[in-house]
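Survey of secondary and tertiary structure
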Amino acid sequence: MVLYTSPFPNSFLSVLHSFSWGLIFPCYWLADRLVASFVPTTYEKRQRADDPCYFHALCIIITTPIYLALLVASLPFALIGFLLWSPLQSARRPYIYSRLEDKSHANGATLLTEWKAAGSGKSFCFGSANVCLLPDSLARFNNVFNTQARAKEIGRRIRNGASRPQIKIYIDSPTNTSISAASFSSLVSPQGGDSTNHTFNPGMKRTTSMEYKGDNSGSNSGEDTREDKGRTREPNEGEENSCIVRINGEDNGHMSDTETDAINDQAHASCPAEPLLEGDAEVSKTPNHKQKEGDSGSLDSCSASRESLVKVRVVDGTVDQSSVNKLLYKASIMKKTSVRKKKHTDETFDHEISAFFPANLDFLCLQEVFDKRAAEKLKEQLHHYFEYIVYDVGVYSCHSCCSFKFVNSGLLFASRYPVMDAAYHCYPNGRGTDSLASKGALFLKVQVGSTPQDQRIVGYISCTHLQAIAGDTTVRCEQLDMLQDWLSEFRKSTSSSSTANPEELVAFDVICGDLNFDNCSSEDKLEQQHSLFTHYKDPCRIGPGEDKPWAIGTLLDPEGLYDEQVCTPDNLQKVLESEEGRKGYLVYPTSKSHSSSQKGRKASLKGNGRRIDYMLYTEEGLYLEWKVEVEEFSFITQLAGLTDHLPVAMRLMVSTGEDDP
């Protein structure tokens with residue numbers, strides 16, 4: 001299958017399309033600005049409350065006639081442009097495939113050589129988020145604004161969070177196995193020491209995510225840990241930018257005041273060591289400063305984080321292991337550990353509320369990237385980390401759908417691994433305002449490795465966004481039926497089993513997206529019992545109508561997006577860790593016996609919020625004895641203040657069933 005790198009098959013149609021859109025755009029922009037001026041967000045209302053002279057009201061009175069006059073003047077040109085633009089959509093391709101042009105930063109081909117399906121398995125990390133990048137006037141109805149600036153900031157935060165090297169920590173002390181991820185400021189290991197040195201990744205010079213795993217860890221390494229608690233697990237094949245650090249329980253975990261003071265002084269002195277990422281600002285000198293609005297969630301400061309940021313400087317490839325042990329252990333008992341991760345000991349995998357996207361994020365599925373200019377800005381930022389991106393997905397006008405489509409599907413896919421095939425289908429049964437967008441499903445086939453016999457190892461990823469209007473349960477169930485049928489057809493049409501093309505080995509099959517129903521609302525019972533959940537597993541779900549205790553909602557209450565308690569990733573994370581905090585800032589499942597009002601009914605709220613963003617995986621259709629298991633599941637707060645949804649992430653371990661060599 002050929003991947004489309006341009007929206008039209010030839011340059012003439014592309015030029016004609018650009019010309020027609022150039023005639024339409026002034027009218028579109030003026031209408032957008034005119035409506036936006038009458039739909040303020042709560043953030044703007046608070047700012048205007050301090051304006052005694054009603055300056056903003058005066059501006060509206062002056063600018064509204066100007067906007068109206070220019071809008072009327074642009075209408076004839078927009079009509080001509082529309083008459084050219086609309087028929088061109090029949091020749092438009094359903095997506096645009098973009099590959100990073102700078103070969104010096106491209107590493108997709110290198111990743112393919114890291115896994116040969118021999119010996120140990122390999123883990124893959126998936127992320128999904130609804131980013132609400134609509135035209136500014138429409139985005140304001142969700143209490144977010146400035147779509148173009150938000151798109152750039154969203155892309156920057158995602159690639160900053162994902163590009164952090166991953167450090168895994170295992171704790172020896174049996175009395176401290178509950179420690180999962182502490183909050184502490186940046187620190188730097190000493191340049192030398194008398195203790196034995198431990199070799200680290202020599203390229204590590206960035207802020208990193210520290211992941212604590214106790215002896216009761218539920219990841220795939222837990223079995224090895226139980227067999228030999230004195231042995232530190234080696235990183236899986238292909239786990240780039242990762243290293244293992246051991247925390248010993250010496251002296252019962254206590255440190256002298258002298259050591260504590262020395263550590264704190266050292267951490268403070270090391271903070272302004274260097275920029276974290278190329279092109280970003282240098283870190284702040286104050287380790288626990290309060291992040292200002294706009295820089296929250298980035299890695300440009302060494303403010304304390306619930307995700308445990310640690311600065312590690314490597315000199316000649318080694319650091320003082322004993323010093324690192326003391327620093328990390330002291331940090332782990334200084335502040336409250338990350339809540340909810342491994343809190344439920346019967347769970348087989350780690351789960352947490354994280355202030356950052358997972359390190360080494362492999363695949364990203366986004367929804368509601370409707371605005372074309374915002375999509376370009378977002379793509380530009382994501383290309384700093386993801387080599388392959390599929391965007392501008394969908395159809396326009398009346399092409400291949402029952403009703404006229406004003407905007408695309410809003411789907412965007414980014415990958416570190418090469419995309420082999422892609423296909424898009426539009427849901428034909430959209431209703432109401434949803435019928436104006438070409439909501440549908442994007443199916444992708446990616447290559448993630450190869451066998452010693454040169455057989456390709458592939459994975460399937462589906463990204464979708466279902467009907468949003470409450471009460472349209474039948475529509476959503478029909479769309480889930482179509483999703484399964486289309487995915488089955490896509491797998492059959494893209495499979496390879498001939499002699500010339502050796503049989504491909506399927507490693508995983510994952511579905512990501514905003515399904516617009518939750519697993520606890522009484523109105524969503526039909527969707528909860530859909531056959532999709534018999535073929536695909538939801539890591540957060542026990543059964544129809546019941547989520548696991550640690551699962552939380554992903555739909556934020558728009559009215560509270562700019563409250564100081566939740567406007568930064570760290571603050572939002574702290575709020576969501578408490579039940580009372582969730583009741584105040586998450587939208588909760590509806591019940592026929594209760595009012596839909598959030599206030600005054602906290603005692604009657606069901607579950608932990610409406611979880612409408614899903615990550616599903618299946619064990620069906622994989623190669624022979626291969627198995628997939630969830631290693632981690634995260635609810636992410638890094639996009640606080642930028643969207644009304646919580647991103648989610650899942651790390652899958654693909655086991656080949658072979659013993660380690």
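Okay, so let's go over this structure. Here the structure is a predicted model, which is why all the values come from computation and not from measurement. (Residues numbered from 1 in each chain as written. Predicted model: local features only at pLDDT ≥ 70, side-chain atom pairs only at ≥ 80, totals over all residues. Heavy atoms only, no water.)

1. Focus: the packing of aromatic side chains
Aromatic ring pairs: the centre-centre distance and the angle between the two ring planes describe each pair. Within the structure shown, the criterion is met by 31 aromatic pairs. Considering the side-chain rings of Tyr43 and Phe145, the 5.8 Å spacing of their centres and the 20 degrees angle between planes classify their relative orientation as stacked. Taken together, the residues span a long stretch of sequence, with Tyr43 in helix H2 (residues 42-48) and Phe145 in the loop between helix H5 (136-139) and helix H6 (147-162) at a distance of 102 residues. Judged by relative accessible area, which is 22%, Tyr43 ranks as partly exposed. The interplanar angle of 40 degrees and the centroid separation of 5.4 Å between the aromatic rings of Phe517 and Tyr614 together place this pair among those described as tilted. (Phe/Tyr/Trp six-rings, centres within 6.5 Å; stacked < 30°, edge-to-face > 60°. Helix = DSSP H or I, 4+ residues; strand = E, 2+ residues; numbered from the N terminus. Buried < 20%, exposed > 50% of the residue type's maximum accessible area, 1.4 Å probe, protein only.)

2. Digging into the nonpolar core
Grouped together as the largest cluster of nonpolar side chains are 93 residues, with contacts concentrated most on Phe124, Phe126, Phe363, Phe413, Val448, Phe508 and Phe633. In terms of residue count, the dominant contributor to this core is strand S16 (residues 505-514) (seven residues). Residues Cys125, Phe357, Leu378 and Ile389 belong to the second largest nonpolar core, which totals 28 residues. (Core = buried A, V, L, I, M, F, W, Y, C linked by side-chain atoms within 4.5 Å.)

3. Some remarks on the side chain of Asp518
Relative to the assigned elements, Asp518 resides in the loop between S16 and helix H12 (525-528). Asp518 gets classed as buried once you look at its relative accessible area, which sits at 1%. In this structure the side chain of Asp518 is engaged in a polar contact, spanning 2.7 Å, whose partner is the backbone nitrogen of Cys520. Among the polar contacts made by the side chain of Asp518, one reaches the side chain of Ser521 at a distance of 2.5 Å. Ignoring any residue separated from it by four or fewer positions in sequence, one finds Asp518 in contact with Asp524, Gln528, Pro589, Arg610, Arg611, Ile612 and Tyr614. (Polar contact = N/O pair within 3.5 Å; in protein donor to acceptor, adjacent residues only side chain to side chain. Contact = heavy atoms within 4.5 Å.)

4. Points about the sheet that holds strand S19 (residues 613-617)
An order of S13-S14-S15-S16-S19 is seen for the five strands of this open sheet, with the pairing classed as mixed. If you trace the sheet from one side to the other, it starts and ends with strand S13 (419-426) and S19, each paired once. Strand-to-strand twist of the sheet, defined as the mean angle between neighbouring strand axes without regard to direction, takes the value 15 degrees. Note that strand S15 (residues 456-465) and S16 share nine bridges and pair parallel. Across the sheet, residue Ile457 finds its bridge partner in S16, namely Leu505. Of the strands in this sheet, S13, strand S14 (440-450), S15 and S16 touch helix H11 (residues 473-494), which is tilted by about 40 degrees from S14. (Pairing = 2+ DSSP bridges. Axes fitted to C-alpha atoms, helices over the stretch in contact; angles between N-to-C directions.)

5. Some points on the packing of helix H1 (residues 11-36) against helix H3 (residues 55-88)
Two numbers describe how H1 lies on H3: the axes approach to 7 Å, and their chain directions differ by 150 degrees. Relative to H3, the element H1 lies roughly antiparallel. In this structure, H1 crosses over H3, and the sense of that crossing is left-handed. Residue classes in the contact of H1 with H3 are distributed as 24 nonpolar, five polar and one charged. (Parallel < 35°, antiparallel > 145°, perpendicular 65-115°, else oblique. Left-handed = near helix turned anticlockwise from the far one by under 90°. Nonpolar A, V, L, I, M, F, W, Y, C, P; charged D, E, K, R; others polar.)

6. With respect to unusual backbone geometry
With phi around 55 degrees, Asn146 is a residue other than glycine that occupies positive phi space. Looking at where Asn146 falls in the secondary structure, it is placed in the loop between H5 and H6. Positive phi is not limited to glycine here, since Asn360 has a value of about 60 degrees. As for its placement among the helices and strands, Asn360 is situated in the loop between strand S9 (350-354) and strand S10 (363-369). Assessed through its relative accessible area of 5%, Asn360 is described here as buried.

7. Here we look at the pattern of salt bridges
Pairing between side chains becomes possible if they bear opposite charge and their charged atoms approach one another. Following the criterion strictly, the structure yields 26 salt bridges and no others. Close ionic contact of Glu504 with Lys445 constitutes a salt bridge, the shortest N to O distance being 2.5 Å. Of this pair, Glu504 sits in the loop between H11 and S16 while Lys445 sits in strand S14, and the two are 59 residues apart along the sequence. Taking relative accessible area as the criterion, Glu504 reaches 8% and is therefore assigned buried. What makes Lys445 buried here is its relative accessible area of 1%. (Salt bridge = Lys/Arg side-chain N within 4 Å of Asp/Glu carboxyl O.)

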